[in-house]
Amino acid sequence: MRLSTSALCIAALSVTGCGLDSRRTPAGAEGQEPHIVLQTSLPAGGTGAHIDAAATAPEDGQWIRPAKDFASSRFSGLKEINTSNVASLKPAWTFPTGVKRGQEAAPIVVGHMMYVVTPYPNLLYAFDLSKPGASVKWMYNPKPLTSSQGEACCDVVNRGASYADGKIIYATLDNNVVAVDADNGKEVWRTRVGDINKGETMTIAPLIVKDRVIVGNSGGEMGVRGWLKGLDLKTGAVKWTALTTGPDSVVLIGPSFKPFYEKDQGTDLGVQTWPGTTWQIGGGGVWGWISYDPSLDLIFYGTSNPGPWNPEQRPGDNKWTSTFFARRPETGEAIWAYQMNPHDLHDYDGVNESILLDIPWKGSRRGILVHPDRNGYMYALDRTTGEVVYANPYVHITSSDSVNLKTGELALNPTKEPKLGKTVRDVCPAAPGGKDWQPSSFSPRTGLMYVPHQNLCMDEQPTAVSYISGTPYVGMDVRMKPGIGGNRGFLTAWNPVTGRPVWRIAEPFPVWSGTLATAGDVVFYGTMEGWFKAVDARTGALLWKYKTTSGIIGQPVAYRGPDGKEYIAVLSGVGGWSGAIVAGGLDPRDSSAALGFVGVMRDLPTVTPKGGTLYVFSLR
Amino acid sequence: MCSRFADRALRAGLVVLAVAALAACPRERRTFHDSPPAASPAAESAKVVRSDSGVSRQGPYGENAYALNQGKQLFAAFNCVGCHSHGGGGMGPPLMDSAWIYGFEPANIYATIANGRPNGMPSFKNRITPQQTWELVAYVRAMSGQGSKAARTNRSDEMEVRSAEAQTTTEKPVLVAPPPTVTPPAQEHP
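Each residue is numbered by its place in its chain's sequence as written, counting from 1. By the order in which they are written, chains take letters starting at A while ligands take numbers starting at 1. Totals for whole chains, interfaces and linings use every residue, but because this is a predicted model, local features are given only for residues with pLDDT of at least 70 and side-chain atom pairs only at 80 or more, for both listing and counting.

All names here are of chain A. Each neighbour pair has its own omega, and for Gly-307 with Pro-308 the value is -10 degrees, a cis peptide bond. On the secondary structure map, Pro-308 appears in the loop between strand E18 (298-302) and strand E19 (323-327). Here the bond from Cys-428 into Pro-429 is cis, since omega is -10 degrees, no more than 30 degrees from zero. Under the scheme used here, helices are H or I runs from DSSP no shorter than 4 residues and strands are E runs no shorter than 2 residues, and both carry numbers assigned from the N terminus. By the secondary structure assignment, Pro-429 is in the loop between strand E27 (424-427) and strand E28 (441-443). Despite not being glycine, Ser-72 has its phi angle at roughly 60 degrees, a positive value. Structurally, Ser-72 can be placed in the loop between strand E2 (50-51) and strand E3 (75-76). Whether a residue is buried, exposed or partly exposed is read from the other C-beta atoms within 10 Å of its own C-beta, which are placed from the backbone; 20 or more gives buried, 12 or fewer gives exposed, and intermediate counts give partly exposed. A count of 31 C-beta atoms within 10 Å places Ser-72 in the buried class. The backbone of Asp-155 sits at a positive phi, close to 75 degrees, despite the residue not being glycine. Mapped onto the elements, Asp-155 comes out in the loop between strand E8 (136-140) and strand E9 (162-164).

Shown next as structure tokens:
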């Protein structure tokens, strides 16, 4: 009797998802196996997808920006560490950063030096890799304002620095962009670009293109007005500011702006699609990833959710929040835009990474960018026009039905629309989306993308909220829960040509670390329990794992040391939005804590303490 | 006519009696108006309470269910929820546990709300009146089970995200150190 009941439940689960209405689910996503093969016939030569040739460079053993190349491939051409020997990988050296908050930064390697930015107070460490144990050559302290900690929505993280022109450049939590001499640690310039009293903070890693340092603000939960700025690499002077909301003149929309879809065409939509003057506090920060295509001379990035979360307080499309933009790096001029989530209902920021790929398409090759959006769809957009080539779900989605490729419109599920005084249940994906900031990688050898992400759903209820400068502007109670299968995270190998997953690894916790793909056909990623793992890039088979002292939410990188050997580096130290329960010592009894993330992470404090340690691994 | 008058008189008398009876009942006192923040500096209010030991244990509203509910509404209306959630914390520290960084006495909490604290807590003294601040103090204490249990609410009107304040077990509040200031190792220059 008991047996038949559970058999019935499994059958019901596979059909209906046991209570969750199963609208769009990639084949096989219901399974509970830790490693799920969805498609076995991967061609030996890969899928046929390649990195945008203009946006990548031959392997030089360095790692000068978090995404490795302008295409954001996070692919290392090094292959000394490979599938046959990765099992003997060992720590070469470690370094405690002294800051026990979420460590999201990518270590940067330039020549024989490595640079690491910590969470607030945003210390910059420089390690001389040619010295035994990679001794600290210097440390730079930008001394951010202590009060900036109270304006950061989701832990006091920093996503890393970038190198150009002899300078290490990064943003501090209190909105200063600093350029530090890479050789001696002396500050070269410092520009304050935002105001914490308006709820602005900065967590973004800059992208440096030619003589522009491109940065954006955080604060979609604080009623900020989002922007992207281009600073002069030599002096730090702000050369242009592209606001996310407001009239075309300040969004830098001019005669060259050609959005592909009719829904994104019009005049001053950054004002017209908002009630009254609410666009002035409408969010749309830029805190994620920027890619660059040198042949088109375009940068690509997405804007954050609109504010407040309560959608009834901002009827309209709320442009240009939750939108993907293509702009000229020199001037900031907009070339095209595509709004993924008009009038966003569920905190689906559009800031996630885009990987620039060329894929075989209908007999020729097509230049696309692949963007895993928070809303659960993997978007392939034409880099030249912004047309949606495909938009397929990579997680279970109940908040919408599909993306119309003719009109570019997202078909919302009306039963999941938040209304005042009503609890909407089983919204999938949850507020952090199918995937949050944690960046994917791509291997040209397999032609697959390695996508770290969540498997979460939520219940939510809007509340009336007033704007008070410098305080949160959210207006939503959220209660998250695990998605179908019960595991809260996945590493998914995605075929960017067919737009289908190939295999996936189920993880108990959200996979909140970036991934790294190497020419040794190994993919590295970290887990929130603190495991650093190496899996086979073709099959997903686990090849090696190492337990670090705290959960990993950082970005692994590979480099060639001065001794000619390959090294893999990653920061360990749990935190971020998902790990706020540990980093901030939050109370597990309140499901709504940390904007609803605590309720689904109650067991995290039992598996990991706070931490902040740099780990560097090699074969010995 | 006459009997009608007598009836009316009787009714009026009953009303007077009823009002008198009601007035005799002990009632919680509600103050609906208070002077604006500028007229009554926050520091002054805090001083008054600190000097009165009878009040300082609970604050003026620790046993007042109405004020506590007002405090709960203010906690949402002034975006306290955005940082502290419904007590579990987020951008700001949790308020429903026993750990207190800047003090758990009503006067300490009053000062925290009114003046702000250096690690991100903003000052609300120019945004809310001292009376509203005290109502918030009462609610903030109720979250961790401080103050009168009878006055604490038994249910929430919103989606349930945690058990109600009346169900919260009272733990002994303790002072904890603020988040440590990072002291990096001395800078080396080659």
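Pairs of packed helices are described in terms of their axes, by the angle between the two and the distance that separates them. All names here are of chain B. Here the axes come from fitting lines to C-alpha atoms, over the contacting stretch only for helices, and the angles between their N-to-C directions go from 0 to 180 degrees. At a minimum axis separation of 7 Å, helix H4 (residues 65-77) and helix H7 (residues 130-143) run at an interaxial angle of 95 degrees. Here H7 runs roughly perpendicular to H4, going by the angle between their axes. Of the residues in H7, those in contact with Ala-67, Leu-68, Gln-70, Gly-71, Lys-72, Leu-74 and Phe-75 of H4 are Gln-132, Glu-135, Leu-136, Ala-138, Tyr-139 and Ala-142. The class makeup of the residues in the contact of H4 with H7 is eight nonpolar, three polar and two charged. Note on angle classes: values under 35 degrees are labelled roughly parallel, values over 145 roughly antiparallel, values of 65 to 115 roughly perpendicular, and the remainder oblique. C-beta atoms are placed from the backbone for every residue, and two residues are taken to be in contact when these atoms lie within 7 Å. Any residue that is not Ala, Val, Leu, Ile, Met, Phe, Trp, Tyr, Cys, Pro, Asp, Glu, Lys or Arg is counted as polar, Gly included; the first ten are nonpolar and the last four charged.

Two modes of strand pairing occur in sheets, parallel and antiparallel, and in both the strands are linked by backbone hydrogen bonds. Residue and element names in this part refer to chain A. Note: two strands are recorded as paired if DSSP finds a minimum of 2 bridges between them. Pairing in this open sheet of four strands is antiparallel, and the strands run E4-E40-E39-E38 from one edge to the other. Both edges of this open sheet fall to strand E4 (89-96) and strand E38 (557-560), since each of them pairs with a single strand only. Taking each pair of neighbouring strands and ignoring which way they run, the sheet shows an average axis angle of 25 degrees.

Moving on: the sheet that holds strand E13 (residues 207-209) of chain A. Residues and elements named next belong to chain A. Across the sheet, four strands lie side by side as E13-E14-E15-E16; this open sheet has antiparallel pairing. The strands lining the two open edges of the sheet, one partner per strand, are E13 and strand E16 (238-243). Going across the sheet, the axis of each strand differs from the next one's by a mean of 20 degrees, ignoring polarity.

On to the confidence of the model for chain B. Residue and element names in this part refer to chain B. Confidence scores labelled pLDDT are given residue by residue by the predictor and lie between 0 and 100. When pLDDT is averaged along chain B, the result is 79; 66% of the residues meet or exceed 70. For chain B, per-element mean pLDDT is lowest for helix H2 (residues 42-51), which scores 45, and highest for helix H5 (residues 80-84), which scores 97. Under a pLDDT of 50 for its full length, residues 36-54 has, in the predicted model, 26 contacts with residues more than four places off or in other chains. Both scores are given for the predicted complex: the pTM is 0.90, the ipTM 0.91.

Look at H7(B): 20 Å from first C-alpha to last across 14 residues, which is about the 20 Å you get at 1.5 Å a residue. Extensive coverage of H7(B) is indicated by the burial of 14 of its 14 residues. Take the number of residues in a helix, subtract one, and multiply by 1.5 Å to get its expected span.

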